[in-house]
Amino acid sequence: MSEHGTRDGRRHRFDPGGVITGLFFLAVAGVSLATGFSGEPVVSLRFLVPAVLIGLGVVGIIRVLTRSRRRTLR
């Protein structure tokens, strides 16, 4: 093992895209669970669908912006 803790000497850096994606999908899952437990829609579909689409767009933009960083990790 190298000084960085990996076998081939590459450094592992933080990738914010994974964290943002995880938090986004946890929020969507939380809304789904709350709706399931309450029996009534917690958030109207009129707001939920655009929010999910905007969230996926933001996650995609972050993934594209951090692509060069991920390439250097391989």
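Residues numbered from 1 in each chain as written. Predicted model: local features only at pLDDT ≥ 70, side-chain atom pairs only at ≥ 80, totals over all residues. Heavy atoms only, no water.

Colleague: Account for the packing of aromatic side chains, naming residues and giving values.
Modeller: Geometrically, a pair of aromatic rings is defined through the distance of the ring centres and the angle of the planes. Within the structure shown, the criterion is met by one aromatic pair. Pairing phenylalanine 24 with phenylalanine 25 gives two aromatic rings, centres 5.1 Å apart and planes at 70°, and the pair type is edge-to-face. Among the residues examined, phenylalanine 24 registers a relative accessible area of 15% and is labelled buried. (Phe/Tyr/Trp six-rings, centres within 6.5 Å; stacked < 30°, edge-to-face > 60°. Buried < 20%, exposed > 50% of the residue type's maximum accessible area, 1.4 Å probe, protein only.)

Colleague: Talk me through a nonpolar patch on the surface; I want residue IDs and the actual numbers.
Modeller: Taken together, the side chains of Phe25, Leu45, Val49, Leu53 and Leu56 make up a nonpolar region of the molecular surface, amounting to roughly 500 Å² of accessible area. In terms of residue count, helix H2 (residues 45-65) provides more of the nonpolar patch than any other element does, four residues in total. With respect to the helices, strands and loops of the structure, phenylalanine 25 is situated in helix H1 (residues 16-38). (Patch = residues over 30% accessible without salt bridge, like charges linked within 9 Å, V, L, I, M, F, W, Y side chains within 5 Å. Areas by Shrake-Rupley, 256 points an atom, 1.4 Å probe, with all protein chains shown as cover. Salt bridge = Lys/Arg side-chain N within 4 Å of Asp/Glu carboxyl O. Helix = DSSP H or I, 4+ residues; strand = E, 2+ residues; numbered from the N terminus.)

Colleague: Explain the packing of H1 against H2 to me, and be specific about the residues and the numbers.
Modeller: Orientation of H1 relative to H2, taken along the N-to-C sense of each, is 165°, at an axis distance of 9 Å. Between H1 and H2, the angle is such that the two are roughly antiparallel. The way H1 lies across H2 gives a crossing that is left-handed. Note on element contacts: H2 touches H1 through Leu48, Ala51, Val52, Gly55, Leu56, Val59, Ile62 and Arg63, opposite Pro16, Gly17, Gly18, Ile20, Thr21, Phe24, Phe25, Val28 and Val31. When its residues are assigned to classes, the contact of H1 with H2 shows 12 nonpolar, four polar and one charged. (Axes fitted to C-alpha atoms, helices over the stretch in contact; angles between N-to-C directions. Parallel < 35°, antiparallel > 145°, perpendicular 65-115°, else oblique. Left-handed = near helix turned anticlockwise from the far one by under 90°. Contact = heavy atoms within 4.5 Å. Nonpolar A, V, L, I, M, F, W, Y, C, P; charged D, E, K, R; others polar.)

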